[in-house]
Amino acid sequence: MSRLTDVGAAVFPHLLLTPGEPAGIGPDLAVLVAQRPWSCELVAVADPALLQQRADMLGVPLHIDSFDPQRRQPHQTGRLQVLPVALRQPVRCGQLDPRNAAYVLETLRIATALCQAQPHHALVTGPVHKGVINEAGVPFTGHTEFLADLTGGYPVMLLTAPGLRVALVTTHLPLRQVADAVTPVLLEKVLRILHHDLQQRFCLAAPRILVCGLNPHAGEGGHLGREEIEVIEPVLNRLRGEGMDLQGPLPADTVFVPRRLEQADAVLAMYHDQGLPVLKHLGFGQAVNITLGLPIIRTSVDHGTALDLAGTGRADPGSLLAAIEAAMALCR
């Protein structure tokens, strides 16, 4: 189903950008990407005064327009449409303030609601600081989980870099909890979502998925752990019986070699630091975080708030540029 909207002779997707932590580099990145030409409508959900202040600090020209949902228009270089959300407290670059946690969450709520109401919208998120949101008394574990609570979906984290897609069975868990969390029910759910969204969002008719084992050497026949034998293999065999192209469980230390990746569309890692160090080594600054399993399209940067770079002019917008391009591609 097309997610594009016709406006006269123009056809373009509508992307909602939430810059994230106001004391970090998110506002810098929003200002910088506004200087680029985009064949989409780019709308920042943020405090316009914050964006203008950061543009002035960076010495970058920026004209802010109020977003009018009844008047759709593609992005214009050097201008940025803004759906205003007021900061709770003034911001100083690099200095976190828990009182602005509510502001960050409100931008996400508003942008998500718009995406749910208009299926041609997509959400692009900047970096947040989980710790300062927790300090404000909010049990926040990350964008992914927060958006899932808002939309009712089951999130699967997929990171992409040139030539590689890596999805995760578990995300932000202490390592000692991972083995217990990788259950047959969870693994099957994640594989079904990954397979479905590779077909529907990435237009891959028969996705080829490499599945990592949990233990070193994929358990080495049970001598280094039995999760591969008792959990992973039975699930893979059952889904193969339904026609899914699944290889594994494979040792994680050799799954990323070029000859394997050439024959695959995605790798499924069992936990966060099993798959993402390889992807970020390959494409840091160009990688994109895509949340599968939601009723909305959501992409994000692959880095944190970089408080020490805020307002300095040294922030690199590469990952946000890639996230916008990925959202545009998924809208099609």
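Our subject is the structure that appears above.
For clarity, every value in this text was computed on a predicted model and none was experimentally measured.

Basis of the calculations
Counting from 1, residues in each chain are numbered in the order their sequence is written. Owing to the predicted nature of the model, reporting of local features is limited to residues with pLDDT of at least 70; listing and counting of side-chain atom pairs is limited to 80 or more, with chain, interface and lining totals taken over all residues. The basis for every side-chain value is the complete set of heavy atoms in the structure, and neither hydrogens nor water enter the calculation. Categorising residues by exposure relies on relative accessible area from a 1.4 Å probe, with only protein chains included: less than 20% of the type maximum marks a residue as buried, more than 50% marks it as exposed, and the intermediate range marks it as partly exposed. In DSSP terms, a helix is any run of H or I states spanning at least four residues, a strand is any run of E spanning at least two, and both are numbered starting from the N terminus. In short, DSSP must find at least two bridges between two strands for them to pair. Here the axes come from fitting lines to C-alpha atoms, over the contacting stretch only for helices, and the angles between their N-to-C directions go from 0 to 180 degrees. In the analysis that follows, any N or O atom pair within 3.5 Å is treated as a polar contact, provided that within protein one partner can donate a hydrogen and the other can accept it, and provided that, for residues neighboring in sequence, both atoms belong to side chains. Contacts are assigned to residue pairs with any non-hydrogen atoms lying within 4.5 Å of each other. Note on terminology: a nonpolar core comprises buried Ala, Val, Leu, Ile, Met, Phe, Trp, Tyr and Cys residues joined through side-chain atoms within 4.5 Å. Any residue with an atom within 4 Å of a point lines the site, the site being either a cavity, points on a 1 Å grid over the protein atoms alone where a 1.4 Å probe fits but cannot get out, or a pocket, an open set with protein on both sides within 12 Å along at least 5 of 7 lines. Grid points are joined across faces, edges and corners, and a volume is the space filled by probe spheres set on the points. When residues are grouped by polarity, Ala, Val, Leu, Ile, Met, Phe, Trp, Tyr, Cys and Pro land in nonpolar, Asp, Glu, Lys and Arg in charged, and all others, Gly among them, in polar. Geometry of aromatic contacts follows a simple scheme: Phe, Tyr and Trp rings, the Trp one being its six-membered ring, pair when their centres are within 6.5 Å, and the pair is stacked under 30 degrees between planes, edge-to-face over 60, tilted otherwise. Geometrically, a charge over a ring is one whose NZ (Lys) or CZ (Arg) sits within 6 Å of the ring centre while staying within 35 degrees of the ring normal. An expected span of 1.5 Å times one less than the residue number is assigned to each helix. Directions from the helix axis toward the C-beta atoms define the arc. Salt bridge, as used here, is a side-chain nitrogen of Lys or Arg placed within 4 Å of a carboxyl oxygen of Asp or Glu.

**Q** What's the story with the pairing of strand 13 (residues 288–292) in this structure? I'm lost.
**A** The side chains of a regular strand alternate, residue by residue, between the two faces of the sheet. Counting buried positions along strand 13 yields 5 of 5 residues, so the element is predominantly enclosed. Residue alternation in strand 13 divides its side chains into two sets, Val288, Ile290 and Leu292 and Asn289 and Thr291, and both sets are buried. Summarising the sheet, strand 8 (residues 156–161) and strand 13 pair through 5 bridges and their orientation is antiparallel. Bridged to Leu159 within strand 13 is Asn289. Pairing between strand 13 and strand 14 (residues 297–300): 2 bridges, direction antiparallel. Bridging across to strand 14, Ile290 finds its partner in Thr299. Here strand 13 folds back onto strand 14, and the loop between the two strands holds 4 residues, one of which, Gly293, carries a positive phi near 80°.

**Q** Whenever I open this one, the sheet that holds strand 14 confuses me. Can you help?
**A** Two pairing modes exist for strands in a sheet, parallel and antiparallel, and in both the strands are linked by backbone hydrogen bonds. Strand order in the open sheet formed by 12 strands is 5-6-4-3-7-14-13-8-9-12-10-11, with mixed pairing between adjacent strands. Of all strands in the sheet, those with a lone pairing partner are strand 5 (63–66) and strand 11 (245–250), marking the two edges. Each strand axis lies, on average, 30° off the axis of its neighbour in the sheet, ignoring direction.

**Q** For this particular structure, what's the right way to read the side chain of Asn100?
**A** Mapping Asn100 onto the fold places it in the loop between strand 6 (79–84) and helix 3 (101–117). For Asn100, the side chain forms a polar contact with the main-chain nitrogen of Gln89, separated by 2.9 Å. Leave out the neighbours within four places in its chain, and Asn100 touches Pro22, Leu87, Arg88, Gln89, Pro90 and Val91.

**Q** Sorry, what's going on with the nonpolar core here?
**A** A general tendency of soluble globular proteins is for nonpolar side chains to be buried together. Core analysis: the biggest nonpolar cluster contains 95 residues, and Leu15, Leu42, Leu191, Leu268 and Ile324 have the highest contact counts within it. Here this core takes 10 residues from helix 11 (residues 318–331), the largest share from any one element. Contacts of Leu268, omitting those with residues within four sequence positions, involve Ala167, Leu168, Val169, Leu187, Val190, Leu191, Leu194, Ile209, Leu210, Val211 and Cys212. The next biggest cluster of nonpolar side chains, apart from the first, holds 17 residues, and it includes Met157, Leu168, Val267 and Leu276.

**Q** What exactly am I supposed to notice about empty space enclosed by the protein here?
**A** The rolling of a water-molecule-sized probe over the atoms marks out the regions of remaining empty space. Here the structure, examined in full by the defined rule, presents 1 cavity of 30 Å³ or more. Forming the boundary of the largest cavity are Leu42, Asp65, Gln73, Pro74, His75, Gln76, Arg79, Leu80 and Gln81. Among the elements that make up the lining of the largest cavity, the one with the highest residue count is strand 6 (3 residues). When grouped by side-chain class, the residues that make up the lining of the largest cavity number 3 nonpolar, 4 polar and 2 charged.

**Q** Just checking my understanding: could you explain the side chain of Asn215 for this structure?
**A** Along the polypeptide, Asn215 turns up in the loop between strand 10 (208–212) and helix 8 (227–240). Among the polar contacts listed, one links the side chain of Asn215 to the side chain of Glu227, at a separation of 2.8 Å. Not counting residues up to four positions away in its chain, the partners in contact with Asn215 are Leu224, Gly225, Arg226, Glu227 and Glu228.

**Q** I tried to follow the packing of aromatic side chains on my own but got confused; where do I start?
**A** Geometry of an aromatic ring pair is reported as the spacing of the ring centres plus the angle between the planes. Overall, the coordinates contain 1 aromatic pair when judged by the stated rule. Each ring, one from Phe140 and one from Phe146, has its centre 5.7 Å from the other, and the planes form 55°; the classification is tilted. Residues Phe140 and Phe146 agree in their burial class; the two are buried. Residue placement shows Lys189 over the ring face of Tyr154; its charged tip is 4.5 Å from the ring centre.

**Q** Just checking my understanding: could you explain the environment of Gly283 for this structure?
**A** Following the sequence through the fold, Gly283 ends up in helix 10 (residues 272–283). C-alpha of Gly283 to C-alpha of Pro19: the two residues are 264 residues apart in sequence and 21 Å apart in space. Setting aside residues up to four positions removed in sequence, Gly283 forms contacts with Ala161 and Asp302.

**Q** What is the right way to look at helix 3 in this model?
**A** Structurally, the α-helix is built with 3.6 residues per turn, so residues lying three or four positions apart point the same way. Its 17 residues give helix 3 an end-to-end C-alpha distance of 25 Å, which sits within 8% of 24 Å, the value for a rise of 1.5 Å per residue. Among the residues of helix 3, those classed as buried are Ala101, Tyr103, Val104, Leu105, Thr107, Leu108, Ala111, Thr112 and Cys115. Here the buried face of helix 3 lies against strand 3 (14–18), strand 4 (41–46), helix 2 (48–58), strand 7 (121–125), helix 4 (130–135) and helix 5 (143–151).

**Q** In this structure, what is going on with helix 10? I would like to understand it.
**A** Look at helix 10: 16 Å from first C-alpha to last across 12 residues, which is about the 16 Å you get at 1.5 Å a residue. Among the residues making up helix 10, those that are buried are Gln274, Gly275, Leu276, Leu279 and Gly283. Down the axis, helix 10 shows its buried residues gathered within 160° of arc, on one side only. Turned more than 90 degrees from where helix 10 packs its buried face, Asp273 and His281 sit exposed. For helix 10, the secondary structure elements touched by its buried residues are strand 8, strand 9 (164–168), strand 10 and strand 12 (266–269).

**Q** Honestly, the pattern of salt bridges in this entry has me stumped. Any pointers?
**A** Working definition: two side chains of opposite charge can pair if their charged atoms are close together. Under the criterion given, the structure shown has 9 salt bridges. Linking Arg79 and Asp65 is a salt bridge whose minimum nitrogen-to-oxygen distance equals 2.9 Å. Here Arg79, found in strand 6, pairs with Asp65, found in strand 5; they are 14 residues apart in sequence, far enough to count as distant. The partly exposed category is assigned to Arg79, whose relative accessible area is 29%. Here Asp65 falls in the buried class, since its relative accessible area comes to 17%. We note a salt bridge from Arg192 to Glu242, for which the minimum N-O separation is 2.8 Å. Note that Arg192 is positioned in helix 7 (residues 184–200) and Glu242 in the loop between helix 8 and strand 11, a separation of 50 residues in sequence.

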